[in-house]
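Read off the chains here:
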Amino acid sequence: MLRKPASVAIYPGSFDPITNGHLDLIERGSRLFGRLVVSVLRNEGKKPLFPIEERIEMVREAVRSYPNVEVDSFGGLLVEHAAAHSASVIIRGIRAISDYEYELQMALMNRRLKPDIETIFLMSNEAYSFISSRMVKEVFSLGGSISGLAPPAVEERLRRRLSKTNRRGA
Ligand code: PNS
């Protein structure tokens, strides 16, 4: 059966914080779809470094130059959130083969929950394939440079956030 091409896609994640690897995928996704919704997970159970409001703000600042990209947040099932946006595609990034198993499980579970929503995997530029939010936070907290790994505004927020947590721990 001939179907019209998907024009709304969701790019979900924790974005704790957004990195240049995420941004690379957002740029690719924005070229492929009419509308791209970057959705930040609200689950505090994952104990994020940044509260949800700040993660959303960082994503908003980083995607400002893309007219067809919007930012939202979600709790609960991703597929329900995607359906609420009339999105028929979920975008996920695959950096290395180690990502594959978890991503496959998630994609198959999401397909079982809502067979009409397709997960599409995009490969990040190889220059970003080693970047993760976890490593950005670790390198920064140990005094290493994260220049080129995350937007400059994220670096500034990490500085503020870590000095806050260090003060609290002192
Ligand atoms: O950036 P992350 O932490 O790898 O993103 C994971 C995310 C947000 C895509 C995933 O945890 C998610 O979709 N959570 C929502 C809960 C859900 O829908 N679970 C069922 C599918 S496994």
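Located above this text is the structure these notes cover.
These notes cover the structure that comes with them. What you see is a predicted model, and the numbers here were worked out from it, not measured in a lab.

## Quick look at the site of the ligand
Right, so step 1: Neighbouring residues of the ligand: Gly 13, Ser 14, Leu 41, Lys 46, Phe 74, Gly 76, Leu 77, Leu 78, Arg 92, Tyr 102, Met 106 and Asn 110.
Right, so step 2: Ser 14 places a side-chain nitrogen or oxygen 2.6 Å from an oxygen atom of the ligand.
Right, so step 3: Leu 78 has a polar backbone atom sitting 2.8 Å from an oxygen atom of the ligand.
Right, so step 4: When the free accessible area of the ligand is taken as 560 Å², the share hidden by the protein chains comes to 76%.

## Considerations on the side chain of Asn 20
Right, so step 1: Examined against the element boundaries, Asn 20 turns out to sit in helix 1 (residues 20-32).
Right, so step 2: Residue classification places Asn 20 among the buried residues on the basis of a relative accessible area of 15%.
Right, so step 3: One polar contact links the side chain of Asn 20 to the main-chain carbonyl oxygen of Gly 148, over a distance of 2.8 Å.
Right, so step 4: In contact with Asn 20, other than residues within four places in its own chain, are Tyr 128, Gly 148, Leu 149, Ala 150 and Pro 151.

## Topic: the environment of Phe 130
Right, so step 1: The residue Phe 130 is located in the loop between strand 5 (118-123) and helix 5 (133-141) in this model.
Right, so step 2: Between the C-alpha atom of Phe 130 and that of Thr 165, which follows or precedes it by 35 residues, the distance is 26 Å.
Right, so step 3: If sequence neighbours within four positions are ignored, Phe 130 has contacts with Met 135 and Leu 149.

## Focus on the packing of aromatic side chains
Right, so step 1: Enumeration according to the criterion identifies 1 aromatic pair in this entry.
Right, so step 2: Each ring, one from Tyr 11 and one from Phe 15, has its centre 5.5 Å from the other, and the planes form 80°; the classification is edge-to-face. Of the two residues, Tyr 11 and Phe 15, both sit in the buried class.

About the thresholds
- Residues numbered from 1 in each chain as written.
- Predicted model: local features only at pLDDT ≥ 70, side-chain atom pairs only at ≥ 80, totals over all residues.
- Heavy atoms only, no water.
- Near = heavy atom within 4 Å.
- Polar contact = N/O pair within 3.5 Å; in protein donor to acceptor, adjacent residues only side chain to side chain.
- Areas by Shrake-Rupley, 256 points an atom, 1.4 Å probe, with all protein chains shown as cover.
- Helix = DSSP H or I, 4+ residues; strand = E, 2+ residues; numbered from the N terminus.
- Buried < 20%, exposed > 50% of the residue type's maximum accessible area, 1.4 Å probe, protein only.
- Contact = heavy atoms within 4.5 Å.
- Phe/Tyr/Trp six-rings, centres within 6.5 Å; stacked < 30°, edge-to-face > 60°.

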